[in-house]
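# Architecture and fold: a report
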Amino acid sequence: MPMPDVCVIGGGVIGLSIARELAGRGHGVTLLSRDPLRATASWAAGGIFPAQPDRELPDDASPLEQFTAFSDRLHRHWAAELRAETGIDTGLRQCGTLALATDEQTAAELIDEAARWSRLGVRHDHLSAHNVERLEPAL
């Protein structure tokens, strides 16, 4: 058995993604994981990105905003590629976020965030307590 080119340590979503990418580029890969399959928490936060615009970012986008938008596009491409390659749906969905203000401080933070979303061209709606209750009765 030939010696692998690369050893990836960790069988979570990042380790598996790196192993897949390297193998797809012709490298021999060994993957080591201390946990049995599906025993890690990688699934819990996979694909959670802040709201992104449906168009190019404005010129004044910060490096973090640019990186987040790039990561969002890359994740969408990766999910589509995996589905085409394996027939498995990763479950990535663009479904939005409901952010709630629980006090004056979080209300002010959401106002600032809404201003940032407007600057970036991210679609967002300000909801009254009544409309939130209609969307999410359990709240």
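Note: the structure precedes this text.
Treat the numbers as computed from the prediction; the structure is a model and nothing was measured.

## Structural notes on helix 4 (residues 104–120)
Given a rise of 1.5 Å per residue, 17 residues ought to cover 24 Å, and the 24 Å separating the end C-alpha atoms of helix 4 matches this to within 8%. Taking the backbone nitrogen of Gln105 as reference, a side-chain oxygen 3.1 Å away marks Asp103 as the first, capping residue of helix 4. Of the residues trailing helix 4, Gly121 is marked for its positive phi of about 85°.

## Considerations on the pairing of strand 2 (residues 29–32)
Sheet topology note: the strand 1 (residues 6–9)/strand 2 ladder contains 4 bridges and is parallel. Looking at the pairing, Cys7 lines up with Thr30 of strand 2. Note on the crossover from strand 1 through helix 1 (residues 13–24) to strand 2: the handedness is right-handed.

## Structural notes on helix 3 (residues 63–86)
With 24 residues, helix 3 extends 34 Å from end C-alpha to end C-alpha; this agrees with the ideal 34 Å at 1.5 Å per step. Within helix 3, burial applies to Glu65, Thr68, Ala69, Ser71, Asp72, His75, Ala79 and Leu82. Here the buried face of helix 3 lies against helix 1 and helix 4. After helix 3 finishes, the residue Gly87 shows a positive phi value of roughly 80°.

## Looking at the layout of surface pockets
Of the voids in this model, the second largest pocket is the one considered here, and its volume is about 200 Å³. If you trace the second largest pocket, you find it lined by Gln52, Pro53, Asp54, Arg55, Glu56, Leu57, Gln66, Ala69, Asp72, Arg73, Arg76 and Gln94.

## Things to note about the environment of Trp78
As for its position among the elements, Trp78 is in helix 3. You can call Trp78 partly exposed: its relative accessible area is 21%. Through-space distance from the C-alpha of Trp78 to that of Thr90 is 9.6 Å; in sequence the pair is 12 residues apart. Trp78 has contacts with Val13, Ser17 and Arg20, leaving out every residue within four places of it along the chain.

## Section: the pattern of salt bridges
Following the criterion strictly, the structure yields 10 salt bridges and no others. The closest approach of N and O atoms between Glu65 and Arg116, which form a salt bridge, is 3.3 Å. Highlighted residues: Glu65 in helix 3 and Arg116 in helix 4, separated in sequence by 51 residues. Here the salt bridges do not stand alone but share partners, grouping Asp60, Glu65, Glu113, Arg116 and Arg119 into one network.

Reading guide: rules and limits
- Residues numbered from 1 in each chain as written.
- Predicted model: local features only at pLDDT ≥ 70, side-chain atom pairs only at ≥ 80, totals over all residues.
- Heavy atoms only, no water.
- Helix = DSSP H or I, 4+ residues; strand = E, 2+ residues; numbered from the N terminus.
- Expected span 1.5 Å × (residues − 1).
- Polar contact = N/O pair within 3.5 Å; in protein donor to acceptor, adjacent residues only side chain to side chain.
- Pairing = 2+ DSSP bridges.
- Right-handed = clockwise from strand over helix to strand, strands pointing away.
- Buried < 20%, exposed > 50% of the residue type's maximum accessible area, 1.4 Å probe, protein only.
- Contact = heavy atoms within 4.5 Å.
- 1 Å grid on protein atoms, 1.4 Å probe; cavity = no way out; pocket = protein on both sides within 12 Å on 5 of 7 lines; lining within 4 Å.
- Points joined across faces, edges and corners; volume = space filled by probe spheres on them.
- Salt bridge = Lys/Arg side-chain N within 4 Å of Asp/Glu carboxyl O.

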